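Structural description and commentary
Residues per chain are reported as follows:
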Amino acid sequence: MGATIIDGKGFAATVREKVAAHVAALQRDHGLTPGLAVVLVGEDPASQVYVRSKGKQTVEAGMKSVEHKLDAATSEADLLALIAQLNADPTIHGILVQLPLPKHMNEALVINAIDPAKDVDGFHISNVGLLGTGQKSMVPCTPLGCLMLLRDHLGSLSGLDAVVIGRSNIVGKPMAQLLLGDSCTVTIAHSRTRDLPEVVRRADIVVAAVGRPQMVQGSWIKPGATVIDVGINRIEKPEGGTRLVGDADFDSCAEVAGAITPVPGGVGPMTIACLLANTLTACCRANDLPEPEGLTA
Ligand code: NAD
């Protein structure tokens, strides 16, 4: 194995420490405590785990954490009323509605009801538009985490060829916008891309956000390239039980790449760290205070 392993878990811990230090300074100098409200509708087990861990890490960073757990049968009108209440609450700077929502709700309508300044997931159509036009916005947490890892590992990304595999609104598209913002030459590949291995072979930076276990092979990777693996897939182990793997075949990619994120312990821990960073940023913006350095795009 030749590649450097990018330690996302360790880097996420330093991001959380920076956030906590900034929060302590906000409290000391301005009497302000950033507040994050997480809304969970229904009882999806994976969502419950995410929400618990978001709440715990928010409190550990010294911020206020509020959880609203609503019954799966809650009406869309009641959810919209709660969002309106949180939009008006000056102690809440970030609002996150955990997805997916139950089928009777219109996800786009709900997300676009959040005040864009409090939209710490960066999914509101205004934030999507601001990011797409290179203006200050709230940036989706997972791609922001990938960008931080890339900047930390490579320094300037200017002029590098980047291939993002996956065109979802949550990861692929905002990732491509962020890389463009850092002056990469960006290709977005997807399920209809012709000759994906050949496209990936051009890349200095490969971001895999596909949801297909171990799809990206070492033979596709340009020697020395940086591989950021967003995928989280659970597969059966030959000896029984399961394990988590990414969208890249780690062993073969690590033979050729210059650096690679592992799964678990790579991009995953960066997502919640960036949620905390976004909540802090939203609080600073709401109070016309300088934004924390190195925690935004
Ligand atoms: P998605 O299903 O919304 O999008 C997947 C994309 O992959 C689509 O755009 C599709 O065109 C593309 N695709 C599918 N098959 C392909 C193929 N054979 N070749 C090329 N492209 C193909 O998924 P998503 O929400 O973007 O998530 C992608 C992965 O990232 C999943 O494994 C998910 O669990 C993981 N994820 C991780 C985090 C994190 O915190 N680390 C956050 C979000 C998503």
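Residues numbered from 1 in each chain as written. Predicted model: local features only at pLDDT ≥ 70, side-chain atom pairs only at ≥ 80, totals over all residues. Heavy atoms only, no water.

Considering the side chain of K118
Within the element layout of this structure, K118 appears in the loop between α4 (107-111) and α5 (125-132). In this structure K118 is buried but unpaired, with D115 as the nearest side chain of opposite charge at 5.4 Å. With residues near it in sequence (within four places) discarded, K118 still touches L86, N87, A88, D89, I92, H93, G94 and I95. (Helix = DSSP H or I, 4+ residues; strand = E, 2+ residues; numbered from the N terminus. Buried < 20%, exposed > 50% of the residue type's maximum accessible area, 1.4 Å probe, protein only. Lys, Arg positive; Asp, Glu negative; His and termini not counted. Salt bridge = Lys/Arg side-chain N within 4 Å of Asp/Glu carboxyl O. Contact = heavy atoms within 4.5 Å.)

Comments concerning helix α7 (residues 172-181)
Think of an α-helix as 3.6 residues a turn; residues three or four steps apart then line up on the same face. For α7, the full list of buried residues reads G172, P174, M175, A176, L178 and L179. In the core, the buried residues of α7 are packed alongside α5, α6 (141-154), β5 (161-165), β6 (185-189) and β7 (205-208). Phi for S183, located one or two positions after α7, is positive at around 65°.

Description of the environment of N127
Assignment of secondary structure puts N127 in helix α5. With ten residues separating them in the primary sequence, N127 and A117 have C-alpha atoms 8.6 Å apart. Beyond its immediate stretch of four places on either side in the chain, N127 contacts P116, D119, G122, S137 and M138.

A look at the site of the ligand
Around the ligand sit 21 residues, and of these R167, S168, H190, R212 and T271 come closest. S168 has a polar side-chain atom sitting 2.6 Å from an oxygen atom of the ligand. R212 is positioned such that a nitrogen or oxygen atom in its side chain is 2.9 Å from a nitrogen atom of the ligand. Within the complex, 72% of the 860 Å² of free accessible area of the ligand lies under protein. When grouped by side-chain class, the residues that make up the shell around the ligand number nine nonpolar, ten polar and two charged. (Near = heavy atom within 4 Å. Polar contact = N/O pair within 3.5 Å; in protein donor to acceptor, adjacent residues only side chain to side chain. Areas by Shrake-Rupley, 256 points an atom, 1.4 Å probe, with all protein chains shown as cover. Nonpolar A, V, L, I, M, F, W, Y, C, P; charged D, E, K, R; others polar.)

Re the layout of surface pockets
When its volume is computed, the largest pocket comes out at roughly 1200 Å³. What lines the largest pocket is a set of 43 residues, among which Y50, T142, I232, G268 and T271 lie closest to the centre. Among the elements that line the lining of the largest pocket, the one with the most residues is helix α2 (residues 45-60), at seven residues. Each of two domains, domain 1 (29-115) and domain 2 (141-269), supplies a minimum of three residues to the lining of the largest pocket. Those elements that provide at least two residues to the lining of the second largest pocket are α4, α5 and α7. Looking at the lining of the second largest pocket residue by residue, the classes come out as eleven nonpolar, six polar and two charged. (1 Å grid on protein atoms, 1.4 Å probe; cavity = no way out; pocket = protein on both sides within 12 Å on 5 of 7 lines; lining within 4 Å. Points joined across faces, edges and corners; volume = space filled by probe spheres on them. Domains from an automatic or database assignment.)

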